[in-house]
Amino acid sequence: MACMFEATLFTSPESLTCKQIVGILADATTFFGGYLLVREALRKEADFRDTDALKGTVRRLAGLPMEEKKSGEPLNNETDADLIEIRRTVKRARRGILIITVGFFLQLVSRIFFE
């Protein structure tokens, strides 16, 4: 077992097969997509606090023209602050699921065409 591990891990890059390269790329891509989704879930509390503070600012400065700093979207009322955060969350989730999907298809390709 150790010999097989050493042979696979410590070979020069020129000796990697196409299947191994696609497999490694697929695993790394899938891992990165999962990381993005988990990071998004773990940030929810901080995002909630940021949105709550933003809503407080909108309440205090009602009637003045404002826009959200990161997105540049206008803030007319407290609901706009929630919508901005929802859009940001959806955008991050779409990126994560897209990356996981690409990783899955790379794994599928490596198993179908390189077996």
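Bear in mind that the values here come from a model prediction, so they are computed numbers and not experimental data. (Residues numbered from 1 in each chain as written. Predicted model: local features only at pLDDT ≥ 70, side-chain atom pairs only at ≥ 80, totals over all residues. Heavy atoms only, no water.)

## Some details on the packing of aromatic side chains
Phase 1: Under the defined criterion, the tally for this structure stands at two aromatic pairs.
Phase 2: Between Phe32 and Tyr35 the ring centres are 6.4 Å apart and the planes differ by 25 degrees, which places this aromatic pair in the stacked class. Residue Phe32 and its partner Tyr35 are both found in helix H2 (residues 18–42); the two are separated by three residues, about one turn of the helix.
Phase 3: On the basis of relative accessible area, Phe32 is assigned to the partly exposed category, the value being 41%.
Phase 4: Residue class for Tyr35 comes out partly exposed when judged on its relative accessible area of 40%.
Phase 5: Aromatic pair Phe104 and Phe105: ring centres 5.4 Å apart, planes at 65 degrees, arrangement edge-to-face.
Phase 6: Assessed through its relative accessible area of 43%, Phe104 is described here as partly exposed. (Phe/Tyr/Trp six-rings, centres within 6.5 Å; stacked < 30°, edge-to-face > 60°. Helix = DSSP H or I, 4+ residues; strand = E, 2+ residues; numbered from the N terminus. Buried < 20%, exposed > 50% of the residue type's maximum accessible area, 1.4 Å probe, protein only.)

## Quick notes on the environment of Lys55
Phase 1: With respect to the helices and strands, the residue Lys55 is situated in helix H3 (residues 44–60).
Phase 2: The spatial distance from the C-alpha of Lys55 to the C-alpha of Leu75 is 9.2 Å, given a sequence separation of 20 residues.
Phase 3: If we skip the residues at most four places from it in the chain, Lys55 touches Glu78, Ala81 and Asp82. (Contact = heavy atoms within 4.5 Å.)

## Things to note about the pattern of salt bridges
Phase 1: Throughout the structure, instances matching the rule amount to five salt bridges.
Phase 2: For Arg88, the salt bridge goes to Glu85, with nearest N and O atoms at 3.3 Å. A residue pair is termed a helical-turn pair when its members lie 3 or 4 positions apart in one helix, as Arg88 and Glu85 do in helix H4 (residues 78–113) at three residues. Neither residue differs from the other here; Arg88 and Glu85 are each classed as buried. (Salt bridge = Lys/Arg side-chain N within 4 Å of Asp/Glu carboxyl O.)

## Thoughts on the side chain of Arg92
Phase 1: Tracing the backbone shows Arg92 in helix H4.
Phase 2: The class of Arg92 is buried, set by a relative accessible area of 18%.
Phase 3: Leaving out residues up to four positions away in the same chain, Arg92 has contacts with Glu40, Arg43, Asp47 and Glu85.

## Digging into H3
Phase 1: Taking 1.5 Å per residue, 17 residues should reach 24 Å; H3 reaches 24 Å between its end C-alpha atoms and fits that length.
Phase 2: Listed in full, the buried residues belonging to H3 are Asp47, Thr51, Lys55, Gly56 and Val58.
Phase 3: On its buried face, H3 sits against H2 and H4. (Expected span 1.5 Å × (residues − 1).)

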